[in-house]
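Observations on the model geometry
Each chain, letter by letter, is given below.
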Amino acid sequence: MRLSTILLGAATAAASVAAKTVQYDWVVSTVTANPDDLYERDVVGVNGAWPPPPIVVEKGDRLIVNMTNKLDQPASIHFHGMYQNGTNEMDGPVFVTQCPVPSGSNFIYNFTVDQVGSYWYHSHYKAQYVNGFRGPLIVKDPDEPWDYDEDVYLTLSDWYHDDAFYLVKNEFLTLRNPTGAEPIPDAGLMNDTQNVKWKVEPNTTYKLRIINIGGFVSQYIWFEGHDFEIVEVDGIYVENQKASMLYVTVAQRYTILLTTKNTTDENFPFMISFDLNMLDNLPDTLQYNTTGWLTYDEDADFPDAAVIDEFDFYDDFYLVPLEKEEPWEADTTITATVIMDNLGDGANYAFFSNETYVAPKVPTLMTVMSAPENESTNAWIYGSNTNAHVLEYGDVVEIVLNNGDTGTHPFHLHGHAFQVIERSNASDSDDDFITYDASNPGIINEYPMRRDTLYLRPNGYFVIRFKANNPGVWFFHCHIEWHLEQGLAMTLIEAPTEIRERITIPDDHWAACKAGGYSYEGNAAANTENYFDLTGEAVQPDPLPAGFTARGIVAMVFSCVSAFLGMGFITWYGMSELKTTEHEVAQVMGEIPLDDESGESK
Ligand SMILES: *[C@@H]1O[C@H](CO)[C@@H](O)[C@H](O)[C@H]1NC(C)=O
Ligand SMILES: *[C@@H]1O[C@H](CO)[C@@H](O)[C@H](O)[C@H]1NC(C)=O
Ligand SMILES: *[C@@H]1O[C@H](CO)[C@@H](O)[C@H](O)[C@H]1NC(C)=O
Ligand SMILES: *[C@@H]1O[C@H](CO)[C@@H](O)[C@H](O)[C@H]1NC(C)=O
Ligand SMILES: *[C@@H]1O[C@H](CO)[C@@H](O)[C@H](O)[C@H]1NC(C)=O
Ligand SMILES: *[C@@H]1O[C@H](CO)[C@@H](O)[C@H](O)[C@H]1NC(C)=O
Ligand SMILES: *[C@@H]1O[C@H](CO)[C@@H](O)[C@H](O)[C@H]1NC(C)=O
Ligand SMILES: *[C@@H]1O[C@H](CO)[C@@H](O)[C@H](O)[C@H]1NC(C)=O
Ligand SMILES: *[C@@H]1O[C@H](CO)[C@@H](O)[C@H](O)[C@H]1NC(C)=O
Ligand SMILES: *[C@@H]1O[C@H](CO)[C@@H](O)[C@H](O)[C@H]1NC(C)=O
Ligand SMILES: [Cu+2]
């Protein structure tokens, strides 16, 4: 199955000595798959197969992905970690740089890859990638700084049996889930399957590219009996760093060098294990540990993984890039606080400070292109609910992100690798989260690590900086797909004047908008007459009535349910175990259809 996938997805490469064009023709459609061997389900396949094939190119190549959408829903592709320098229109997030590609349409991604390392691609249309539309993107480097014998990748992922759109609409972003408890995955996957037997040769150094293509849960990974060296994170080469365990959030990549034993008599388990702190409950059926084997001898035993009692992983904050640069000095700072809270429809949303992202009517890049030049530099026109910031060309931009939430959030910035200036530890106290104080900084490394996806610790903060040297509209968002659906995103309009000079949106991109009936000019409200008039723009639901809390919603929902069932009013205020309550309410509510469209709002 896997072999045929690769053959089907094979690239038609126009061979030439130097840079070449690598084209993938992908017909995207619904197929079925059962990667955890527990449940067969519909998934998004490519050319009639699943998993979608890896993309493999070399630095300097032109990559063309010619996507034909044969799903019964829109689609898009984002090439995660690609700078898209000069080709912002190829970045992929819907309503940021392009319209959703409607069913039946064809859409061409076409750009030059001018970087190296381990990346991935995934749909950036709602929660579609969680339905399986994602895969590795490997950029080979003809001048690698390390010696090794073989180049191999390993994808990690969480996996759901239910359709992601169903989960968002019916279980997650709804009045029945006022605390915003995320859907719990059913299993972990390695390389989109179970029981991976990685055939290894003795006395051999492997370069292993570990890529978390999951939708929600971070995973620990370790290899029994084998230490390794970290050499790359998110496309950035780092000084070799010995480690024995990694913590890989969704969207992060780690490339390691792993040297095998000098004997072949024993096979060794390697494990991935969910970060259970991210889950609101732990169903008995959940397979949160997944084992593979370094297979030296196929006839030898495949032992069970040893149980460990501590996850002692290497803290990526201390990695040092090979290309050393001191902290860039910030010209401007954006400060935001991550908040999870309810709005008047009872669902739980995610905010930067007081604003949850609601997609504009016009893709933001198309607003940049269609606005009067003198107005394209004004953040107002990009909407009051898009967390829009206009950045000046050449500035060093600092983002200070405080976490007013008890969760771990892996944040991703499109179009850049950023310097990690500071990252605080977690705080146990929800009421007293640690916020950044510029006059009293914490640890700052001499040569800060750079990457494109960084986790924020519970109730802690991080400070990152990047150079606004890549004109484009770039999304900055939590990569937990559920949290993105809750609105945890910011739109950075980097150097709009230079965008207008440098970017050309090709005809098929406009055609996708027309075919789908989407607006493609005007401000965030699709107003083309007066760009400052946002009348009719999409905005977040009204706030809850004052004094209303998640606990109150549970009580209200439950009282409605009890009334409906003729059981009279039951007071749930003061319940100590809100999560249990919410769970019970959700169960009861499951039998009573509630009209709820919030899952379709983004
Ligand atoms: C893209 O793929 C479609 C269908 O597979 C094909 O008809 C079309 O010619 C391709 N376009 C290009 C530019 O290669
Ligand atoms: C890709 O872009 C290049 C450069 O703009 C152009 O010459 C080429 O025709 C494009 N290819 C496709 C299939 O769109
Ligand atoms: C993961 O799958 C890919 C594609 O089949 C394969 O090339 C690679 O060797 C696998 N990795 C491991 C560690 O088995
Ligand atoms: C094999 O590896 C072991 C453990 O690393 C080492 O002690 C031993 O000297 C090695 N043997 C040979 C023949 O290299
Ligand atoms: C590994 O290399 C060592 C040292 O060169 C050698 O003695 C040993 O036989 C090799 N092991 C295998 C299985 O080839
Ligand atoms: C999963 O692995 C961890 C780490 O070894 C262990 O603590 C835990 O008990 C395992 N859980 C199950 C269900 O095997
Ligand atoms: C958020 O707060 C700012 C500043 O107080 C205000 O201008 C803005 O309208 C608020 N946004 C929302 C969505 O409430
Ligand atoms: C932008 O320029 C146009 C045409 O000169 C003018 O009508 C408009 O008022 C200007 N907008 C602003 C915000 O200055
Ligand atoms: C976090 O806590 C650890 C253990 O106490 C400490 O070594 C480390 O320096 C702290 N990190 C920061 C950024 O404060
Ligand atoms: C984009 O390209 C320009 C040169 O055209 C370069 O100065 C800049 O550093 C590049 N930015 C990124 C993020 O690669
Ligand atoms: Cu998040």
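Residues numbered from 1 in each chain as written. Chains lettered and ligands numbered in written order. Predicted model: local features only at pLDDT ≥ 70, side-chain atom pairs only at ≥ 80, totals over all residues. Heavy atoms only, no water.

Going by what an unreviewed UniProt entry lists, the protein chain is known as Iron transport multicopper oxidase and is assigned to Myxozyma melibiosi. The heading Sequence similarities (unreviewed entry) in the UniProt record of the protein chain holds the text "Belongs to the multicopper oxidase family." (UniProt positions renumbered as here; feature names shortened; annotations may be inferred.)

1. Let's talk about the pairing of strand 14 (residues 219–223)
In terms of burial, strand 14 is a largely internal element, five of the five residues being buried. Of the two faces of strand 14, both are covered, the one formed by Gln 219, Ile 221 and Phe 223 as well as the one formed by Tyr 220 and Trp 222. With four bridges joining them, strand 14 and strand 17 (residues 245–248) adopt antiparallel strand pairing. If you follow Gln 219 over to strand 17, its bridge partner there is Val 248. Inspection of the sheet shows strand 14 paired to strand 19 (residues 268–274) by five bridges, in the antiparallel sense. Each bridged residue has a counterpart across the sheet, and for Ile 221 the counterpart in strand 19 is Ile 272. (Buried < 20%, exposed > 50% of the residue type's maximum accessible area, 1.4 Å probe, protein only. Helix = DSSP H or I, 4+ residues; strand = E, 2+ residues; numbered from the N terminus. Pairing = 2+ DSSP bridges.)

2. Details of helix 6 (residues 507–516)
Those residues of helix 6 not exposed but buried are His 509, Ala 512 and Cys 513. All buried residues of helix 6 lie within an arc of 95° about the axis, which places them on one face of the element. Structural note: helix 6 exposes Asp 507, Lys 514 and Ala 515 on the side pointing more than 90 degrees away from its buried face. Lining the buried residues of helix 6 we find strand 7 (106–112) and helix 3 (364–370). Immediately beyond the C-terminal end of helix 6, within one or two residues, lies Gly 517, with a positive phi of roughly 75°. (Arc of directions from axis to C-beta. Contact = heavy atoms within 4.5 Å.)

3. Concerning the nonpolar core
Counting residues in hydrophobic clusters, the biggest one holds 83 residues, and the most contacted among them are Trp 198, Phe 223, Ile 230, Phe 411, Phe 476 and Trp 482. Considering each element in turn, this core owes the most residues, five residues, to strand 19. Here this core spans two domains, since at least three of its residues come from each of domain 1 (5–61 + 113–318) and domain 2 (332–516). Beyond its immediate chain neighbours, meaning those up to four positions away, Trp 198 contacts Val 152, Tyr 206, Leu 208, Phe 223, Phe 270, Trp 293, Leu 294 and Thr 295. Trp 26, Val 28, Leu 71 and Ala 75 belong to the second-largest nonpolar core, a separate cluster that totals 28 residues. (Core = buried A, V, L, I, M, F, W, Y, C linked by side-chain atoms within 4.5 Å. Domains from an automatic or database assignment.)

4. Focus on the sheet that holds strand 6 (residues 78–80)
The strand order across the open sheet formed by four strands is 4-9-8-6, and the pairing between neighbours is mixed. Edge positions in the open sheet fall to strand 4 (55–58) and strand 6, since each of these has one partner strand only. Strand-to-strand twist in this sheet, taken as the mean axis angle between neighbours without regard to direction, amounts to 25°. With three bridges connecting them, strand 6 and strand 8 (residues 117–122) associate as antiparallel partners. Within strand 8, the position partnered with His 78 by the bridge is His 122. (Axes fitted to C-alpha atoms, helices over the stretch in contact; angles between N-to-C directions.)

5. Notes on the sheet that holds strand 21 (residues 332–342)
Taking strand neighbours across the sheet as the criterion, the six strands line up as 22-21-24-29-26-27 in an open arrangement whose pairing is mixed. Of all strands in the sheet, those with a lone pairing partner are strand 22 (348–352) and strand 27 (450–451), marking the two edges. Bridge count for strand 26 (residues 418–423) against strand 27 is two bridges, and the pairing is antiparallel. By the bridge assignment, Phe 418 is partnered in strand 27 with Arg 451.

6. Side note on the site of ligand 10
With respect to spatial proximity, the complete set of residues near ligand 10 consists of Tyr 83, Asn 85, Gly 415, Asn 469 and Asn 470. Contact distances for ligand 10 include 2.3 Å between an oxygen atom and a side-chain N or O atom of Asn 85. Within the side chain of Asn 469, an N or O atom sits 3.1 Å from an oxygen atom of ligand 10. Of the residues that constitute the shell around ligand 10, the class distribution is one nonpolar, four polar and no charged. (Near = heavy atom within 4 Å. Polar contact = N/O pair within 3.5 Å; in protein donor to acceptor, adjacent residues only side chain to side chain. Nonpolar A, V, L, I, M, F, W, Y, C, P; charged D, E, K, R; others polar.)

7. Some details on helix 2 (residues 164–172)
Spacing of three or four residues puts side chains on the same side of an α-helix, whose turn is 3.6 residues. Of all the residues in helix 2, the buried ones are Ala 164, Phe 165, Leu 167, Val 168 and Phe 172. For helix 2, the arc enclosing every buried residue in end-on projection is 165°, short of the 170-degree limit, so these residues lie on one face. Along its buried surface, helix 2 packs onto helix 4 (481–485). N-capping of helix 2 is provided by Asp 163, with a side-chain oxygen placed 2.9 Å from the backbone N of Phe 165.

8. Here's the deal with the pairing of strand 9 (residues 134–140)
When you tally the buried positions in strand 9, you get six out of seven residues, the bulk of the element. Relative to strand 9, strand 4 is paired through four bridges, and the arrangement is parallel. Bridging from a neighbouring strand, Val 57 pairs with Val 139 of strand 9. Direction of pairing for strand 8 relative to strand 9: antiparallel, over a ladder of six bridges. Its bridge partner being in strand 9, Ser 118 is matched across the sheet by Ile 138.

9. Structural notes on the site of ligand 2
Surveying the vicinity of ligand 2 reveals the residues Arg 62, Ile 64, Ile 108 and Asn 110. In the model, an oxygen atom of ligand 2 is placed 3.3 Å from a nitrogen or oxygen of the Arg 62 side chain. The contact in question runs from an oxygen atom of ligand 2 to an N or O atom on the side chain of Asn 110, over 2.3 Å. When ligand 2 sits alone it has 360 Å² of accessible area, and the protein chains cover 37% of it. (Areas by Shrake-Rupley, 256 points an atom, 1.4 Å probe, with all protein chains shown as cover.)

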